[in-house]
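# Notes for the structure review
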Amino acid sequence: MLAVCVGFAGLFVRMSWMTVVEGEASRELAESRLIRRTWLPTTRGRVLDRTGRVLAYDQASYDVAVEYSVLSGEWASARARRYARRAHKDRWDLYSDTERDAIVANYRLIYQKHVDASMRTIAAYTKIELDELLAKRDEIVEKIERQHRSIVEARVRNEVEARERKGYAVTDEDLARFVKNSSSKIREQTIPHAIVEGVSDSVGFDLMRTMVREVPAMSYVAGGNEALDEMIPLFPGMSVTDNTRRVYPFESETVILDRSTFPLPLRDDSTVRVDVDDLGSLVLGSVRDRVFREDADRRRDAIESDESLRERAVMADGVDRGRYTDQDRVGHTGIEYAMEHELRGLRGVRTEHLQTRGVTEVSPSPGRDVRLTLDMSLQARVRAILDPAVGLTRVQPWHDNEYMAVGTELDAAAVVLEVATGEVLAMVSTPVAPRDGDWGRLGLTSEDAVERFRDERFPYVNRAIAKPYQPGSVAKALVLTGSAKLGKYAQGERIEATGSLYPDRPNILRSWIFKRTNGAVTHFQQLGRHPDGADALMVSSNVFFFTLGQRLGPDGIKDVYSMFGIGVPIDLGIGTSWAGSTGVFDGEGGTLPISPEDAIQMGIGQGPVTWTPLHAADAFATLARGGFDIAPSLIRTGEMPVVRNLGLPAWSVRAALDGLHEVVNNPVHGTGEHITYGTVRDSVFNAEGIDVWGKTGTATSSPLVIDPDGDGPMEKEVVREGDHSWYVTLVGAGGTPEYAIAVVVDYGGSGARVSGAINNQIVHALVREGYLAGANVVDAGGSQ
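Residues numbered from 1 in each chain as written. Predicted model: local features only at pLDDT ≥ 70, side-chain atom pairs only at ≥ 80, totals over all residues. Heavy atoms only, no water.

Counting 138 residues, the largest nonpolar core has Ile335, Leu372, Met427 and Leu766 as the members making the most contacts within it. Sequence-distant contacts of Leu766, defined by excluding residues within four places in its chain, comprise Leu378, Val416, Leu425, Val731, Tyr739, Ile741, Tyr771 and Leu772. Within the second largest apolar cluster, 43 residues are counted, among which are Val64, Ala84, Ile140 and Ile144. (Core = buried A, V, L, I, M, F, W, Y, C linked by side-chain atoms within 4.5 Å. Buried < 20%, exposed > 50% of the residue type's maximum accessible area, 1.4 Å probe, protein only. Contact = heavy atoms within 4.5 Å.)

With that out of the way, let us pick up the sheet that holds strand β14 (residues 348–353). Sheet architecture is open: 3 strands sit in the order β1-β14-β15, paired in antiparallel fashion. Both edges of this open sheet fall to β1 (35–40) and β15 (359–362), since each of them pairs with a single strand only. Pairwise comparison of adjacent strand axes, ignoring direction, gives a mean angle of 15° for this sheet. Both β14 and β15 contribute to a ladder of 4 bridges, which runs antiparallel. In the strand pairing of β15, Glu352 is matched with Val359. (Pairing = 2+ DSSP bridges. Helix = DSSP H or I, 4+ residues; strand = E, 2+ residues; numbered from the N terminus. Axes fitted to C-alpha atoms, helices over the stretch in contact; angles between N-to-C directions.)

For the rest of this paragraph, the subject is the sheet that holds strand β3 (residues 54–59). The strand order β9-β3-β2-β16 describes an open sheet built from 4 strands, whose pairing is mixed. Only two strands of the sheet have a single partner each, and these edge strands are β9 (245–247) and β16 (370–371). With 2 bridges joining them, strand β2 (residues 47–48) and β16 adopt parallel strand pairing. Bridged to Leu48 within β16 is Arg371.

What follows is about a negative patch on the surface. Where like charges cluster on the molecular surface, the negative patch consists of Glu447, Asp448, Glu451 and Asp455. Relative to the elements of secondary structure, Asp455 occurs in helix α15 (residues 447–457). (Patch = residues over 30% accessible without salt bridge, like charges linked within 9 Å, V, L, I, M, F, W, Y side chains within 5 Å. Areas by Shrake-Rupley, 256 points an atom, 1.4 Å probe, with all protein chains shown as cover. Salt bridge = Lys/Arg side-chain N within 4 Å of Asp/Glu carboxyl O. Lys, Arg positive; Asp, Glu negative; His and termini not counted. Charge placed at Lys NZ, Arg CZ, Asp CG, Glu CD.)

In this structure the tally under the stated criterion is 50 salt bridges. When the shortest N-O distance is used, the salt bridge between Asp535 and Arg529 registers 2.9 Å. Among the ionic contacts, a cluster of salt bridges with common partners joins Arg44, Asp58, Arg246, Asp328, Arg329, Glu336, Glu340, Arg344 and Arg347.

So, on to the packing of helix α17 (residues 476–485) against helix α24 (residues 650–665). Interhelical geometry of α17 versus α24 gives an angle of 160° and a closest axis separation of 9 Å. On the basis of the axis angle, α17 is roughly antiparallel to α24. In this structure, the crossing between α17 and α24 has a hand that is right-handed. Counting all contacts with α17, which are made through Ala477, Leu480, Thr481 and Ala484, the residues of α24 involved are Trp651, Ser652, Val653, Ala655, Ala656 and Leu660. Per-class residue counts for the contact of α17 with α24 are 8 nonpolar, 2 polar and no charged. (Parallel < 35°, antiparallel > 145°, perpendicular 65-115°, else oblique. Left-handed = near helix turned anticlockwise from the far one by under 90°. Nonpolar A, V, L, I, M, F, W, Y, C, P; charged D, E, K, R; others polar.)

For the rest of this paragraph, the subject is α17. In terms of residue burial, α17 counts as a mostly covered element, since 9 of its 10 residues are buried. Every buried residue of α17 is accounted for by Lys476, Ala477, Leu478, Val479, Leu480, Thr481, Gly482, Ser483 and Ala484. Tucked inside the fold, the buried residues of α17 contact α20 (533–539), α21 (542–563), α22 (596–602), α23 (613–624), α24 and β25 (691–699). Gly487 occupies a position one or two residues after α17 and carries a positive phi of about 75°.

A complete count under the given rule lists 3 cavities of 30 Å³ or more for this structure. One number sums up the size of the largest cavity: a volume of about 80 Å³. What lines the largest cavity is Asp278, Gly280, Ser281, Leu282, Val283, Gln379, Arg383, Met427, Val428, Ser429, Val432 and Asn462. Taken together, the elements giving at least two residues each to the lining of the largest cavity come down to α9 (281–284), α14 (376–385) and β18 (424–430). Its residues placed into classes, the lining of the largest cavity shows 5 nonpolar, 5 polar and 2 charged. Lining the second largest cavity are Thr261, Phe262, Pro263, Arg267, Ile675, Tyr677, Asp682, Ser683, Val684, Asn686, Ala757 and Asn760. Within the residue set of the lining of the second largest cavity, elements represented by two or more residues are β23 (674–677), β24 (680–683) and α25 (751–768). Tallied by class, the residues present in the lining of the second largest cavity amount to 6 nonpolar, 4 polar and 2 charged. (1 Å grid on protein atoms, 1.4 Å probe; cavity = no way out; pocket = protein on both sides within 12 Å on 5 of 7 lines; lining within 4 Å. Points joined across faces, edges and corners; volume = space filled by probe spheres on them.)

Our next topic: the side chain of Thr522. Looking at the secondary structure, you find Thr522 in the loop between α18 (512–516) and α19 (523–527). Assessed through its relative accessible area of 10%, Thr522 is described here as buried.

A separate point is the confidence of the model for the protein. Do not read the predicted coordinates in detail wherever pLDDT is low. When the pLDDT values of the protein are averaged, the result is 90; 93% of them are 70 or greater. In this model, residues 777–784 is a region of pLDDT below 50 whose contacts with residues beyond four sequence positions or in other chains number 26 contacts. (pLDDT = per-residue confidence, 0-100.)

Listed below in structure tokens is the structure:
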């Protein structure tokens, strides 16, 4: 009894192990042998703009390929030989070679007729003439056999030459051996080859559904339809390859601009045609055909954390229909990356139960569409305005640029924001790298030229959201209202405009007018009064805002910038962005404490403070709403925006808006009202019927230095230097700000002369696209 119990104990332990520990794996293995799954491809969701224009979509296309062994007849011969041995196993060894060959030839005819029938079916599915399909097959076979013969001959020739170099004569036996050893298959003889290219998704799906079927091998020789004792694929060696490509219909656009509203030296009654390429590529991003482990990990995390996605994607057995396989397309940058799990479609699956021959099918689910807040027509116009060929982003004589040569191309960024919603209507950064990698379109014909362009112009950086800039004087409106909230500036208070913050040190911390006139003129003399908040914005008084920075101190000035979102990431969902910063970087990812001297400089938007054009547009939109902040958005989710009340005193917001209005509209004192060309003054903004509030700014910037040869002997080279140019506006019709526009031009210098002229053209673009009801709109054509 004891021996029996011990024996059964071992069996019990083993049975428990197989049931509990190995049960799941064993069950999966057993099920896999009883079912056959065919995955049906899906399509990626579309990306749409705010008007419904399709910005990105999948153009479905499939290739029908067949294994070379099937095309060449080798498959039929091999199957016939194998079946003949099995069917005649009792007498096979007794047959002569001639008898065996006859039997194999008989069966080969059966298999080859099955292949021929499958080719007729493929021709019917794809609506291609059978003769054309067979001609394609013969062409492939002839080409590859020719390649094989050429390679075999080269191999044999090498063997013969090697033997002769050793002093041996080559015999017939040697030659036969060389031929045999050299006749191994080449790669092309082991892979499928496309016999029909570019079939539609419906045809591709139908073939995928049927190609996994197996049917009895029928005898076409012995007078009828006698079935051989073997199941073979309905389409031997066939596969359907997904060659779907991602299409961006607005990749290239033609825009017609009216020159009658340009700056005076560029103005005439003609129009200019601008061909815009790679439109929106920094926003839309791209996809790639290579999947990395990080992609799979990100997908798994999304499935685990998003219940809605999990319910849509995961089948009852736990398999994710959207899981990645080799050569899947996956979002790489921009919206394509950020919205990957929404855009990614879910494969269909056809399950054939081999035991019962029952079939179930789950249809593919296309990816979900993503709608952006962008208006691509407006985006195209803004991009055209920033094209150096137009002349506004090229150094001009009237720019008075002290550092950059006339004719130099200037890099820029612009953001257009809807005040009421915080939605981004346009977001442009130039220059842009070519999506297709053809740098020749930019006039760059060598690797050295491309590398220098990358080092100097940063075409992969979205300047609108990812490059840090000092705000310059644009920040003065924020400092005014923030100081009022923190009790550092009283309603109606006037601050003495002495020309410099420290009267006994007139060569530092000066107002621009005091500096320009060598101490002859102060803002008090200019205005006939010491400035209040609105006056200080109108004339851009440095001393006024130095004083507020001094009153606020390090903590207060940081609080002011923080309340306007500086230092808090603005997540638009398109990848890397700059959150803004306050404080000197410590070199380890943090910042050093702000000093009292820093706080004074930050009062005029200089010193250790950075933001982006998106921050600038957002801050001005917040002022237009009376101090209510709505986070900027680029993707329409259907959710109501979150509104945050900054608690700014209403009188301070009115003062700021009054000052910003005077900057643009006061013909005597407004620092952004006009541009002077010699003795001629011309208004910066000239869209009739449109109200504009705005602020110019020049932001200090370090020179851009590159090392042409890395660690080589060549000296480092200063390729760009000077101040960055800002002009940020609010625009509307009927006295209410409706849109915020932020423009920055790298190393552009003057705010009004450079960025102001661009901002004005963006106002005209808003009128042209129907966002502003301006008067006397000139119809100069549109995007084509």
